[in-house]
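Overview (structure and organization)
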Amino acid sequence: SAVISQKPSRDICQRGTSLTIQCQVDSQVTMMFWYRQQPGQSLTLIATANQGSEATYESGFVIDKFPISRPNLTFSTLTVSNLSPEDSSIYLCSVEDRSRGGAQHFGDGTRLSIL
Amino acid sequence: TQLLEQSPQFLSIQEGENLTVYCNSSSVFSSLQWYRQEPGEGPVLLVTVVTGGEVKKLKRLTFQFGDARKDSSLHITAAQTGDTGLYLCAASNTNAGKSTFGDGTTLTVKP
């Protein structure tokens, strides 16, 4: 199964600033996914990142707030822009494992707190 | 929107007890997954079920996929403190790529 490295693992940021989260996979994958999760709660999909095309955003998430890069088949970044307290959350990246019926492998997440 | 309803939301039991977590939907899925997540980590895949009526066992954990592929259950026998965590079901359809996640069940197993 794919090994995913996500960083930073946590950060504390000031209001109005931005944070970029990096996700590195040890194998080439077509799609990478970015999720948001409140502690102890379920995952909400932010967007799907495809190499060579713009990310596909879910309802309620926009590119200006959550710009995503996908420069190659093993790497992606998610930026959370113009941070506000409501952005305090855990952000997770994942990749699909088609050999396991669409199961996903996740990074360990980035815990973001806003002052 | 395909929704997955998971129950119960919270479960607190004593070590040695049995428990069952349910995952239900009105939609049919090609596959369903169960994950366990511990604090500070990402969800870790426990099992994927793809065939209606399928039963899979993983040590003390038994997973079942409903005949109509709309629901699933996770049964833990003789729970241990190490079973504590957030359990998530997720479902996907062939070639869709993305998964839909249930609301999660927070399990606490007390010594």
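Thresholds, definitions, all that
By convention here, each chain's residues receive numbers from 1 onward along its written sequence. Chain A is the first chain written and ligand 1 is the first ligand written, with later ones labelled in order. Since the coordinates come from a predicted model, pLDDT governs what is reported: local features require at least 70, and pairs of side-chain atoms require 80 or more to be given and counted, while whole-chain, interface and lining totals use all residues. Processing note: side-chain calculations cover all non-hydrogen atoms of the structure and skip hydrogens and water entirely. Helix and strand definitions follow DSSP, with helices as H or I runs of at least four residues and strands as E runs of at least two, each counted in order from the N terminus. Only C-alpha atoms enter the radius of gyration, while the globule expectation follows 2.2 Å times N to the 0.38, with N the number of residues. When a residue's accessible area, from a 1.4 Å probe over protein chains only, is under 20% of the maximum for its type it is buried; when over 50% it is exposed; and in between it is partly exposed. Contacts: residue pairs with any heavy atoms within 4.5 Å of one another. In short, Shrake-Rupley with a 1.4 Å probe defines the accessible areas, and a residue's cover is counted only from the protein chains shown. Just so you know, the count uses Lys and Arg for positive and Asp and Glu for negative, and it drops His and the chain ends. In this description, the location of a charge corresponds to atom NZ of lysine, CZ of arginine, CG of aspartate or CD of glutamate. As used here, buried area is the combined drop in accessible area, with a 1.4 Å probe, of two parts when they are placed together. Note on definitions: salt bridges are taken to be side-chain nitrogens of Lys or Arg within 4 Å of carboxyl oxygens of Asp or Glu. Identification of polar contacts relies on pairs of N or O atoms within 3.5 Å, with a donor-acceptor requirement for protein atoms, meaning one able to donate a hydrogen and the other able to accept it, and with residues adjacent in sequence counted only if both atoms are side-chain atoms. The predictor attaches a confidence to each residue, called pLDDT, with possible values from 0 through 100. Points on a 1 Å grid, built from protein atoms alone, make a cavity when a 1.4 Å probe fits but cannot get out and make a pocket when they are open with protein on both sides within 12 Å along at least 5 of 7 lines; residues with an atom within 4 Å of a point are the lining residues. Grid points are joined across faces, edges and corners, and a volume is the space filled by probe spheres set on the points. The term nonpolar core refers to a set of buried residues drawn from Ala, Val, Leu, Ile, Met, Phe, Trp, Tyr and Cys, joined through side-chain atoms within 4.5 Å. Whether two strands pair comes down to DSSP finding at least two bridges between them. Pairing of aromatic rings covers Phe, Tyr and the six-membered ring of Trp, with a centre-to-centre limit of 6.5 Å; geometry is then stacked below 30 degrees between planes, edge-to-face above 60, and tilted otherwise.

This part takes up the overall build of chain B. The helix and strand tally for chain B stands at 0 helices and 11 strands. For 111 residues, the compact-globule estimate of 2.2 N^0.38 gives 13 Å, and the C-alpha radius of gyration of chain B, at 13 Å, lies within 12% of that figure. In terms of overall dimensions, chain B has C-alpha extents of about 40 × 30 × 20 Å along its principal axes. Sorting the 111 residues of chain B into buried and exposed places 45% on the buried side. Taking contacts inside chain B between residues at least 6 apart in sequence as the whole, the part at least 24 apart equals 54%. Summed over its atoms, the accessible surface of chain B is roughly 5300 Å², and 48% of this surface lies on carbon and sulfur atoms. Between the mean site of the 9 positive side-chain charges and the mean site of the 10 negative ones, chain B shows a separation of 5 Å.

Our focus in this paragraph is the interface of chain A and chain B. If you look at the interface, chain A gives 21 residues, while chain B gives 21 residues. For the pair chain A and chain B, the summed buried area comes to about 1500 Å², and 50% of that belongs to carbon and sulfur atoms. The shortest N-O distance in the salt bridge between B:Lys98 and A:Glu58 comes to 3.0 Å. At the junction of chain A with chain B, the criterion picks out 6 residue pairs in polar contact (both at pLDDT 80 or more).

So, on to the confidence of the model for chain A. In the predicted model, chain A carries a mean pLDDT of 94, and the fraction of residues at 70 or more is 100%. Of all the helices and strands in chain A, strand 10 (residues 103-106) of chain A carries the lowest mean pLDDT, 92, while strand 3 (residues 19-25) of chain A carries the highest, 98.

In this section: the layout of surface pockets. Quantified by volume, the second largest pocket comes out at close to 360 Å³. What lines the second largest pocket is a set of 21 residues, and nearest its centre among them are A:Arg111, B:Glu38, B:Pro39, B:Gly40 and B:Glu41. Elements supplying a minimum of two residues to the lining of the second largest pocket: strand 11 (110-114) of chain A together with strand 9 (85-92) and strand 11 (105-110) of chain B. The biggest single contributor to the lining of the second largest pocket is strand 11 of chain B, with 3 residues.

With that out of the way, let us pick up the nonpolar core. Residue and element names in this part refer to chain A. Of all hydrophobic cores here, the largest spans 26 residues; its most connected members are Trp 34, Ile 46, Phe 66, Ile 68, Leu 78 and Tyr 91. Those elements that place two or more of their residues in this core are strand 3, strand 4 (31-37), strand 5 (43-50), strand 8 (75-80), strand 9 (89-97) and strand 11. For this core, the element with the highest residue contribution is strand 3, accounting for 4 residues.

Turning our attention to the pairing of strand 1 (residues 4-7) of chain A. Residue and element names in this part refer to chain A. The side-chain alternation of strand 1 yields one buried face, formed by Ile 4 and Gln 6, and one unburied face, formed by Ser 5 and Lys 7. Sheet topology note: the strand 1/strand 3 ladder contains 4 bridges and is antiparallel. Along strand 3, the bridge assignment pairs Ser 5 with Gln 24.

What follows deals with the packing of aromatic side chains. Tallying each qualifying case throughout the model produces 6 aromatic pairs over all chains. The interplanar angle of 85° and the centroid separation of 5.5 Å between the aromatic rings of A:Tyr35 and B:Phe101 together place this pair among those described as edge-to-face. Of this pair, A:Tyr35 sits in strand 4 while B:Phe101 is found in strand 10 (residues 100-101), placing the two residues in two different chains. Side by side, A:Tyr35 and B:Phe101 carry an identical accessibility label, which is buried. Centre to centre, the rings of A:Phe106 and B:Tyr35 are 5.8 Å apart; their planes meet at 85°, and the pair counts as edge-to-face. Of this pair, A:Phe106 sits in strand 10 while B:Tyr35 is found in strand 4 (residues 31-37), placing the two residues in two different chains. For the pair formed by A:Phe106 and B:Tyr35, the shared burial category is buried. Through successive ring pairs, a cluster of aromatic residues spans A:Tyr35, A:Phe106, B:Tyr35 and B:Phe101.

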